[in-house]
Amino acid sequence: MYIGLDIGTTTLSAVVLDTESGGLLAHRTTPNRSGLSPGKGRAEADIDLLHQAATECLASIVADEAVDPSTVRAIGVTGQQHGVAFLDSGGAPLRTAITWQDVRGQMPFPGSERSYVAELIHRCGGPQAFRPTGCMPAAGFLGTSLFWLHENDRMPAQPYTACFIPDAIVIFLTGAPP
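All of the points below concern the structure found in this document. (Residues numbered from 1 in each chain as written. Predicted model: local features only at pLDDT ≥ 70, side-chain atom pairs only at ≥ 80, totals over all residues. Heavy atoms only, no water.)

Observations regarding the side chain of Glu 44
Stage number 1. As for its placement among the helices and strands, Glu 44 is situated in strand β5 (residues 44-45).
Stage number 2. Residue classification places Glu 44 among the buried positions, given a relative accessible area of 8%.
Stage number 3. Engagement of the side chain of Glu 44 in a polar contact is seen with the side chain of Arg 104, the distance being 2.7 Å.
Stage number 4. Sequence-distant contacts of Glu 44, that is, excluding residues within four places in its chain, are made with Ser 34, Gly 35, Leu 36, Pro 38, Arg 95, Thr 96, Ala 97, Ile 98, Thr 99 and Arg 104. (Helix = DSSP H or I, 4+ residues; strand = E, 2+ residues; numbered from the N terminus. Buried < 20%, exposed > 50% of the residue type's maximum accessible area, 1.4 Å probe, protein only. Polar contact = N/O pair within 3.5 Å; in protein donor to acceptor, adjacent residues only side chain to side chain. Contact = heavy atoms within 4.5 Å.)

Structure (structure tokens):
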């Protein structure tokens, strides 16, 4: 069997798939109550609450469907693609995560007519610097959030790991280093 876990903005969803047939054996959805709005245009998440919700969702689907854990071959995790979580060297959260919905990167950059994201793009060499990636930075993206935090002296104390929110959940579930 395989388990899939989606760390969504409003819900967490888990599925159990049969290894041999590929059929869906079970599905669970639980509300994501980790969201915070600490200020205008800000969207953050309490990583400890998110970890708790992920653990409860997985435990529920395994218990309710009488899944033998020894038959689970893998757990795949996906979710909020652009947010950022900050973890210490032991994998514990250092601050709330910033989600993809956060728009502080659209705020005016001090002393400029550009926004934070436009200033980031400018400092990196302009739009042409991002053509090879096929994706321009935007508000709520990990890099833009890191830039805003850096420019506003709000980065966590070193050492830390900045990672995507689903990656933080994988670290919590597995105990593997970031």
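Brief notes about the sheet that holds strand β4 (residues 35-36)
Stage number 1. Spatially, β4-β5-β8 is the arrangement adopted by the 3 strands of the open sheet, whose pairing is antiparallel. Only two strands of the sheet have a single partner each, and these edge strands are β4 and β8 (97-98).
Stage number 2. Inspection of the sheet shows β5 paired to β8 by 2 bridges, in the antiparallel sense. By the bridge assignment, Glu 44 is partnered in β8 with Ile 98. (Pairing = 2+ DSSP bridges.)

Looking at the sheet that holds strand β2 (residues 11-17)
Stage number 1. A sheet is described by the order of its strands in space; here 4 strands give the open sequence β3-β2-β1-β6, paired in mixed fashion. With one partner strand each, in any of the chains shown, β3 (24-31) and β6 (74-79) form the two edges of the open sheet. For this sheet the average axis-to-axis angle between neighbouring strands, irrespective of direction, equals 15°.
Stage number 2. Strands in contact with helix α1 (residues 47-64) are β1 (2-7), β2 and β3; relative to β2, the strand with the most contacts, it is inclined by about 30°. (Axes fitted to C-alpha atoms, helices over the stretch in contact; angles between N-to-C directions.)

As for the packing of aromatic side chains
Stage number 1. In total, this model carries 5 aromatic pairs according to the counting rule given.
Stage number 2. Considering the side-chain rings of Phe 109 and Tyr 116, the 5.1 Å spacing of their centres and the 75° angle between planes classify their relative orientation as edge-to-face. Each member of the pair, Phe 109 together with Tyr 116, is buried.
Stage number 3. Relative to Trp 148, the ring of Tyr 116 lies with its centre 6.2 Å away and its plane at 50°, an arrangement referred to as tilted. On the criterion of sequence distance, the pair formed by Tyr 116 in helix α2 (residues 116-123) and Trp 148 in helix α3 (residues 142-151) is long-range, its members being 32 residues apart. (Phe/Tyr/Trp six-rings, centres within 6.5 Å; stacked < 30°, edge-to-face > 60°.)

Describing the nonpolar core
Stage number 1. Counting 26 residues, the largest nonpolar core has Leu 5, Ile 7, Ile 47, Leu 50, Ala 85, Ile 165 and Ile 169 as the members making the most contacts within it.
Stage number 2. For this core, the secondary-structure elements that each account for two or more residues are β1, β2, α1, β7 (85-87) and α4 (165-174).
Stage number 3. Here the element with the most residues in this core is α1; it accounts for 8 residues.
Stage number 4. Setting aside chain neighbours within four positions, we find Ala 85 in contact with Ile 47, Ala 97, Thr 161, Ala 162, Cys 163, Ile 165 and Ala 168.
Stage number 5. One finds Phe 109, Leu 120, Phe 147 and Trp 148 within the second-largest nonpolar core, a separate group that totals 10 residues. (Core = buried A, V, L, I, M, F, W, Y, C linked by side-chain atoms within 4.5 Å.)

Description of the environment of Phe 164
Stage number 1. Here Phe 164 lies in the loop between β9 (161-163) and α4.
Stage number 2. Residue Phe 164 is classed as partly exposed on the basis of its relative accessible area, which comes to 36%.
Stage number 3. Linking Phe 164 and Gln 106, residues 58 residues apart in sequence, is a C-alpha distance of 20 Å.

Section: the pattern of salt bridges
Stage number 1. By the definition in use, this model includes 6 salt bridges.
Stage number 2. One salt bridge connects Glu 44 with Arg 104, and the closest N-O pair in it is separated by 2.7 Å. Highlighted residues: Glu 44 in strand β5 and Arg 104 in the loop between β8 and α2, separated in sequence by 60 residues. Accessibility assignment for this pair places Glu 44 and Arg 104 in one class, buried.
Stage number 3. With a shortest N-O distance of 3.0 Å, Arg 123 and Glu 119 are connected by a salt bridge. (Salt bridge = Lys/Arg side-chain N within 4 Å of Asp/Glu carboxyl O.)

Observations concerning unusual backbone geometry
Stage number 1. With an omega of -5°, the peptide bond running from Gln 158 to Pro 159 counts as cis.
Stage number 2. Along the chain, Pro 159 falls in the loop between α3 and β9.
Stage number 3. Residues other than glycine seldom take positive phi values, yet Asp 153 does so here, at roughly 50°.
Stage number 4. Checked against the element boundaries, Asp 153 lands in the loop between α3 and β9.
Stage number 5. Look at Asp 153 and you get exposed, because its relative accessible area is 73%.

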